[in-house]
Amino acid sequence: GAVFQARDFTCAAGSRSYRSYVPASAAKGARGIVVMLHGCTQTPEDFAAGTGMNALAETHGLVVIYPAQSRGDNAQSCWNWFSRGDQRRDRGEPAILAGITRQAMAEHGVARDRTFVAGLSAGAAMAVILGETYPDVFSAVGAHSGLPYGAARDVASAFAAMSAGAPDPAQPLPEPPAMRTIVFHGSADTTVHPDNGARIAARAMDRGTRQTIETEVQGQAAGRRYTCKACAATDGQAELEYWVVDGLGHAWSGGQAAGSYTDANGPDASAEMVRFFLAAQA
């Protein structure tokens, strides 16, 4: 049967606890790993309930890892995406989260091309950082209501970026390899300005190295209209999807009422992220 267990991880950069969900469908081998990073004030259990990711994991044979931010490391249980010491490879929270992921990859025999990271709000900002700093570990990123890499350097600049959108970086950002990215943001988000989602998408597109085909689709799902802009390589593989959900606030689109910061209306962000992640394996 499925197992949802509490575990701990320690490395030179520090320690964190996490929840690991191994579905019954992965008994003969996992199809992939999804690392899910919760938002501020949330817990792994809350985030799992709100996103419904465990049910999708059972359907697709995916292992899901839910790292937990402790109040000792952030009073609001936010990932410290705005701290310079937590924006670099082999340091701070990126090193810890990459270590947790590598351990899971080794345990379940999953390669980098089947390892993904997603998050909400502060968790989305940290997911973007992991995509930037560990492209050798993760092959795709999902950012819901998040902020772009380098958006802040301290608490004051973090609040400024959240309220008005991230400013242009003071110096050019590094150019690591292209990272497949799917972005969700609500047009009515008053906690993290929607311009931040646009900035994440723009950087992902700018980093692409192959010729792409751009499309835009408008639709409606569960009572909310949305726009999805996509960039695909000439071979048809999607490199970027940027979803803007009309009227959605700071909440997981299509989420479950059992969790916090969710909205049952709108496209199912969890299902769309999983589809996007696994599309490269089709």
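To keep things clear, this report deals only with the structure shown in the data block. (Residues numbered from 1 in each chain as written. Predicted model: local features only at pLDDT ≥ 70, side-chain atom pairs only at ≥ 80, totals over all residues. Heavy atoms only, no water.)

Some points on helix 7 (residues 269-279)
For the α-helix, the turn length of 3.6 residues means that residues three or four positions removed from each other point alike.
Line of reasoning, step 1. By the criterion of burial, helix 7 is predominantly enclosed, with 8 of the 11 residues buried.
Line of reasoning, step 2. Turning to helix 7, its buried residues are Ala 269, Ser 270, Glu 272, Met 273, Val 274, Phe 276, Phe 277 and Leu 278. (Buried < 20%, exposed > 50% of the residue type's maximum accessible area, 1.4 Å probe, protein only. Helix = DSSP H or I, 4+ residues; strand = E, 2+ residues; numbered from the N terminus.)

Describing the pattern of salt bridges
Line of reasoning, step 1. Per the counting criterion, the structure on display carries 11 salt bridges.
Line of reasoning, step 2. Measuring nitrogen to oxygen at the nearest pair gives 3.2 Å for the salt bridge that ties Arg 16 to Glu 93. Here the residue Arg 16 occupies a position in strand 2 (residues 14-22), and Glu 93 occupies one in helix 3 (residues 92-108), the gap between them amounting to 77 residues.
Line of reasoning, step 3. The network of salt bridges with shared partners includes Arg 89, Asp 90, Arg 102 and Asp 136. (Salt bridge = Lys/Arg side-chain N within 4 Å of Asp/Glu carboxyl O.)

Re the nonpolar core
Line of reasoning, step 1. Ranked by internal contacts, the top residues of the largest apolar core, which has 52 residues, are Ile 33, Leu 37, Ile 65, Trp 81, Val 117 and Leu 147.
Line of reasoning, step 2. Every element with two or more residues in this core is listed here: strand 3 (32-37), strand 4 (62-67), helix 3, helix 4 (122-133), strand 6 (140-144), helix 5 (155-164), helix 6 (195-207) and strand 10 (238-245).
Line of reasoning, step 3. In terms of residue count, the dominant contributor to this core is helix 4 (8 residues).
Line of reasoning, step 4. Apart from the residues lying within four places of it in its own chain, the contact partners of Leu 147 are Trp 81, Ala 125, Val 128, Ala 161, Met 162, Val 192, Asn 196 and Ile 200.
Line of reasoning, step 5. Counting 32 residues, the second-largest nonpolar core is a separate cluster that includes Tyr 21, Leu 120, Leu 248 and Ala 251. (Core = buried A, V, L, I, M, F, W, Y, C linked by side-chain atoms within 4.5 Å. Contact = heavy atoms within 4.5 Å.)

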